[in-house]
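Each chain is listed here by its residues.
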Amino acid sequence: MDLLNHTLISERYFFPRPGACTTPFWVDCGDARLACYYHQVDPNARTLVHFHGNGEIIDDYLDGFVNLVADMGCNCLLVEYRGYGRSTGTPELGKMLTDVPKVIAALGQAPRQLVFFGRSVGSILALEAVARCPDAAGLVLESGIADLLERLLLRMDPRELGVTAEQLAAVVTASCNHKDKISQFAGPALVLHARRDSLVDVSHGERLHQWAAGKKRLLVFARGDHNDVMFVNAREYFDALGDFLASLDPL
């Protein structure tokens, strides 16, 4: 896990920027405080727990996304990362994985009330969430990552981290085996991906869908790219999300 906190991974894989959310939902993670945002429509409703991409902050989702989720009858927690927005700390992947159960605990809601949503790099954390909460109501992955090692090797050589390729692979497999995590989650899954995603190839979405063990749907959009798939396909995208949430077992 310590290797995943290496400075080079933090510098090359995460791109934090300041935020201005005025009503943060603070989550204490010991050596960092996460400035998340929680919008509640009904304390007894489901909560969509959203993990954003590595170049985004929660402010990017405050206008529009939260209200659309509310219209679907769901509360929404936008999870902020270490060093992003108004959060303290540095975005270190290993620590970010251990922050996930603290975020879940801060909500104080039963797993069956939670739907985890991971976009791009956020899929790493959403998959960690269902691994920690196998009784969660559902999982949504948008532009998700099937093979984290593949993504890391695009940005660095293992020798720069002071390890061999085999050692890096062993660490990533131990903490971020996405095939194992999603195949051990029996709940429903919705996988969204752009056919022409130029950053995370559509094969990642196809693999995640293939590995999912429960009821599942793969929606591949003909239009859009990695960072605009939601906007370009807004109607179909949110119709699919709404249908998915409506299909979940009643609380």
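Predicted, not measured: the structure shown is a model, and the values here were computed from it. (Residues numbered from 1 in each chain as written. Predicted model: local features only at pLDDT ≥ 70, side-chain atom pairs only at ≥ 80, totals over all residues. Heavy atoms only, no water.)

**Quick look at helix α7 (residues 165–175)**
For step 1, the next point in the chain: Taken together, the buried positions of α7 are Leu168, Val172 and Ser175. When α7 is viewed along its axis, its buried side chains cluster within an angular range of 75° and face the same direction. Away from the buried face of α7 by more than 90 degrees, exposed residues Glu166 and Ala174 are located. (Buried < 20%, exposed > 50% of the residue type's maximum accessible area, 1.4 Å probe, protein only. Helix = DSSP H or I, 4+ residues; strand = E, 2+ residues; numbered from the N terminus. Arc of directions from axis to C-beta.)

**Comments concerning the packing of aromatic side chains**
For step 1, the next point in the chain: Counted under the stated rule, the structure contains eight aromatic pairs.
For step 2, the next point in the chain: Ring centres 5.6 Å apart and planes at 85° place the aromatic pair Tyr13 and Phe14 in the edge-to-face group. Each of the two residues, Tyr13 as well as Phe14, counts as buried.
For step 3, the next point in the chain: Of the aromatic side chains, those joined through ring pairs into one cluster are Tyr61, Phe65, Phe117, Phe221, Tyr237 and Phe238.
For step 4, the next point in the chain: Here the basic side chain of Arg33 rests over the ring of Trp26, its NZ or CZ set 4.1 Å away from the ring centre. (Phe/Tyr/Trp six-rings, centres within 6.5 Å; stacked < 30°, edge-to-face > 60°. Lys NZ or Arg CZ within 6 Å of the ring centre and 35° of its normal.)

**Regarding the state of the cysteines**
For step 1, the next point in the chain: Scanning all chains against the criterion turns up zero disulfides.
For step 2, the next point in the chain: With no disulfide of its own, Cys21 lies closest to Cys36 among cysteine sulfurs, the gap being 9.3 Å.
For step 3, the next point in the chain: Just so you know, Cys176 is unpaired, no disulfide at all, and the nearest cysteine sulfur is the one on Cys133, 17 Å from it. (Disulfide = S-S within 2.5 Å.)

**Looking at unusual backbone geometry**
For step 1, the next point in the chain: In this structure, Ser120 takes a positive phi of about 55° despite not being glycine.
For step 2, the next point in the chain: In this fold, Ser120 is placed in the loop between β5 (114–119) and α5 (122–132).
For step 3, the next point in the chain: In this structure, Ser143 is a non-glycine residue whose phi angle is positive, near 55°.
For step 4, the next point in the chain: Relative to the elements of secondary structure, Ser143 occurs in the loop between β6 (138–142) and α6 (148–153).

**Some points on the pattern of salt bridges**
Pairing between side chains of opposite charge can happen when the charged atoms of each approach one another.
For step 1, the next point in the chain: Inspection of every chain in the model, using the stated rule, returns 13 salt bridges.
For step 2, the next point in the chain: Put simply, Lys95 and Asp31 hold a salt bridge, and the shortest N to O gap is 3.1 Å. Here Lys95 is found in helix α4 (residues 93–107), whereas its partner Asp31 is found in the loop between β1 (25–28) and β2 (33–39), with 64 residues between them in sequence.
For step 3, the next point in the chain: Its relative accessible area of 46% is what places Asp31 among the partly exposed residues.
For step 4, the next point in the chain: Here Asp157 makes a salt bridge to Arg159, at a shortest N to O gap of 2.9 Å.
For step 5, the next point in the chain: In this structure Arg159 comes out as exposed when scored by relative accessible area, which is 68%.
For step 6, the next point in the chain: Among the charged side chains, a network of salt bridges with common partners joins Asp31, Arg82, Glu92, Lys95 and Asp99. (Salt bridge = Lys/Arg side-chain N within 4 Å of Asp/Glu carboxyl O.)

**Quick word on the environment of Asp59**
For step 1, the next point in the chain: As for its position among the elements, Asp59 is in helix α2 (residues 59–62).
For step 2, the next point in the chain: Separated by 26 residues in the primary sequence, Asp59 and Gly85 have C-alpha atoms spaced 7.7 Å apart.
For step 3, the next point in the chain: Here Asp59 is in contact with Gly19, Ala20 and Cys21, once residues within four sequence places are set aside. (Contact = heavy atoms within 4.5 Å.)

**Brief notes about the packing of α4 against α5**
Angle between the axes and distance between the axes: these two values describe a pair of packed helices.
For step 1, the next point in the chain: For the pair α4 and α5, interaxial distance at closest approach is 9 Å and the crossing angle is 50°. With respect to α5, the axis of α4 lies oblique. When the axes of α4 and α5 are compared, the crossing they make is right-handed. The residues of α5 that touch α4, namely those facing Leu93, Met96, Leu97, Thr98, Val100, Pro101 and Ile104, are Ile124, Leu125, Glu128, Ala129 and Arg132. (Axes fitted to C-alpha atoms, helices over the stretch in contact; angles between N-to-C directions. Parallel < 35°, antiparallel > 145°, perpendicular 65-115°, else oblique. Left-handed = near helix turned anticlockwise from the far one by under 90°.)

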